[in-house]
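Descriptive structure summary
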Amino acid sequence: WWRWTGSTGMNKAHEYRDRASLDRALAEHIAGLLREDIVLRGAASLAVSGGSTPRGMFACLAVQPLPWDHVHITLVDERWVETDSPDSNEKLVRETLLQGAAATAHFTGMKSAHATADTGLPEISARLANVPLPFTCVVLGMGNDGHTASWFPRAANLQQLLDMNSDQLLGTCDPVTAPHQRMTLTLPAVLNAREIILHITGDEKRAVLARAADENFPVAAITEQHVNPVSIWWAP
């Protein structure tokens, strides 16, 4: 059902019988990547997504034995809401991943006090200058509309966010089809990562991904590219 796997020859799918098994395996895999980068360059960096899908995986990752004070964590994207809002990805990460020993990781949020994401862009860009790049790992999710990161199908600046020739790490997005302005990594920032992971669950999202290329969903910018292989992690 990973229709595009044969066409690119690069992407690899990992299927698990249930979400708990997926969460444990993916957390162990990410921890391994972080350990390797700490050995190689003295630090590791991880960009994560929000939503309900990664919650269990974050809890599993938080208890992995790592020198967490050498790990930098930031977000793939963020809604332009206060960090104590239920819609805040930062709130999710702080409550589920930055716990116990993992609380010593260096976290960089994507929300400032500016009124809009556009006016906050310079400050957030400056913050991310402190994160070791390229990312060790970027963990993406996907919506039922085929968006990933905050690359939404009807966003006016979608092509700008997906411009492979852009030198911008960050962009902003007005999703049109979803609430809240967003701050988001650009496609080049994601593609530069050591490993790109797409973490999805459920038959509906599997079906969306299977037709992503044919329907030109934004997630196809990840699954159809030839720059950096993507690993897809899925459970029912």
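Every chain begins its residue count from 1, and numbering advances along the sequence as written. Only residues with pLDDT of at least 70 get local features here, since the model is predicted, and only at 80 or more are side-chain atom pairs given and counted; chain-wide, interface and lining totals rely on the full set of residues. The basis for the side-chain values is all heavy atoms of the structure; hydrogens and waters are excluded.

What follows deals with the overall build of the chain. Here a helix means four or more residues in a row that DSSP labels H or I, a strand means two or more in a row labelled E, and each is numbered from the N terminus. Across its full length, the chain carries nine helices and ten strands. In terms of overall dimensions, the chain is globule-like: its C-alpha atoms have a radius of gyration of 16 Å, near the 18 Å expected for 236 residues. Across its three principal directions, the C-alpha atoms of the chain cover 45 × 40 × 30 Å. The contacts of the chain with a sequence gap of at least 6 include a subset with a gap of at least 24, amounting to 74%. Accessibility throughout is a Shrake-Rupley quantity obtained with a 1.4 Å probe, and a residue counts as covered only by protein chains that appear here. As displayed, the chain offers around 9,900 Å² of accessible surface, 50% of which is attributable to carbon and sulfur atoms. Residues counted as positive are Lys and Arg, residues counted as negative are Asp and Glu, and His and the chain ends are not counted. To locate a charge, take atom NZ for lysine, CZ for arginine, CG for aspartate or CD for glutamate. Looking at charge distribution, the chain has the averaged site of its 19 positive side-chain charges lying 4 Å from that of its 26 negative ones. Radius of gyration: C-alpha atoms only; globule rule: 2.2 Å multiplied by the number of residues to the exponent 0.38. By definition, residues are in contact when any of their heavy atoms lie within 4.5 Å.

With that settled, consider the sheet that holds strand E8 (residues 182-185). If DSSP finds at least two bridges between two strands, the strands pair. An order of E4-E8-E7 is seen for the three strands of this open sheet, with the pairing classed as antiparallel. Taken across any chain shown, the strands that pair with only one partner, and hence form the sheet edges, are strand E4 (77-79) and strand E7 (170-173). This sheet shows a mean twist of 20° between the axes of neighbouring strands, independent of strand direction. As judged from the four bridges shared by E7 and E8, these two strands associate in the antiparallel manner. Paired with Leu170 across the strands is Leu185, a residue of E8. Relative to the sheet, helix H5 (residues 117-128) contacts E7 and E8, its axis offset from that of E7 by approximately 155°. Every axis in this analysis is a line fitted to C-alpha atoms, fitted for helices over the stretch in contact. Angles between the N-to-C directions lie between 0 and 180 degrees.

To continue, consider the pairing of E8. In E8, alternate side chains face the same way, and those of Arg182 and Thr184 on one face and Met183 and Leu185 on the other are all buried. Both E4 and E8 contribute to a ladder of three bridges, which runs antiparallel. The residue of E8 that forms the bridge with Glu78 is Met183. Relative accessible area decides the class of each residue, using a 1.4 Å probe on protein chains only: under 20% of the type maximum gives buried, over 50% gives exposed, and in between gives partly exposed.

Each salt bridge in this description consists of a side-chain nitrogen of Lys or Arg and a carboxyl oxygen of Asp or Glu lying within 4 Å of one another. Summed over the entire model, instances satisfying the criterion amount to nine salt bridges. Here Asp18 and Arg17 are joined by a salt bridge, their closest N and O atoms 3.5 Å apart. Exposure remark for Asp18: the relative accessible area of 28% places this residue in the partly exposed category. Its salt-bridge partner being Arg41, residue Asp37 comes within 2.9 Å of it at the nearest N-O pair. Residue Asp37 and its partner Arg41 are located together in helix H2 (residues 19-41), separated by four residues, close to a single helical turn. Exposure remark for Asp37: the relative accessible area of 6% places this residue in the buried category. Given the relative accessible area of 34%, Arg41 is considered partly exposed. Because the salt bridges share partners, they merge into one network encompassing Glu36, Asp37, Arg41 and Arg194.

The subject of this paragraph is the packing of aromatic side chains. Think of it this way: a Phe, Tyr or Trp ring, Trp meaning its six-membered ring, pairs with another when their centres are within 6.5 Å, and the plane angle makes it stacked under 30 degrees, edge-to-face over 60, tilted otherwise. Going through the model one piece at a time under the given rule, you end up with one aromatic pair. With centroids separated by 6.0 Å and ring planes inclined at 5°, the aromatic side chains of Tyr16 and Trp233 adopt a geometry described as stacked. Highlighted residues: Tyr16 in the loop between strand E1 (12-15) and H2 and Trp233 in strand E10 (residues 230-235), separated in sequence by 217 residues. The class for Tyr16 is partly exposed, based on a relative accessible area of 23%. Look at Trp233 and you get buried, because its relative accessible area is 3%. Remark: a charge is flagged as sitting over a ring if the NZ atom of Lys or the CZ atom of Arg is within 6 Å of the ring centre and within 35 degrees of the ring normal. The ring of Trp80 has Lys111 sitting right over it, with the charged end atom 4.7 Å from the ring centre.

Turning our attention to the layout of surface pockets. Of the volumes computed, that of the largest pocket is approximately 460 Å³. Of the two site types, the cavity is a set of points on a 1 Å grid over the protein atoms alone where a 1.4 Å probe fits but cannot get out, and the pocket is an open set with protein on both sides within 12 Å along at least five of seven lines, each lined by residues with an atom within 4 Å of a point. Lining the largest pocket are 25 residues, and of these Gly50, Gly51, Ser52, Met142 and Lys205 sit closest to its centre. Elements that contribute at least two residues to the lining of the largest pocket include exactly H2, helix H3 (55-62), E4 and strand E9 (195-201). Here the nonpolar group is Ala, Val, Leu, Ile, Met, Phe, Trp, Tyr, Cys and Pro; Asp, Glu, Lys and Arg are the charged ones; every other residue, Gly included, is treated as polar. Its residues assigned to classes, the lining of the largest pocket shows four nonpolar, 14 polar and seven charged. Grid points are joined across faces, edges and corners, and a volume is the space filled by probe spheres set on the points.

Any functional reading would require information beyond the geometric quantities listed.
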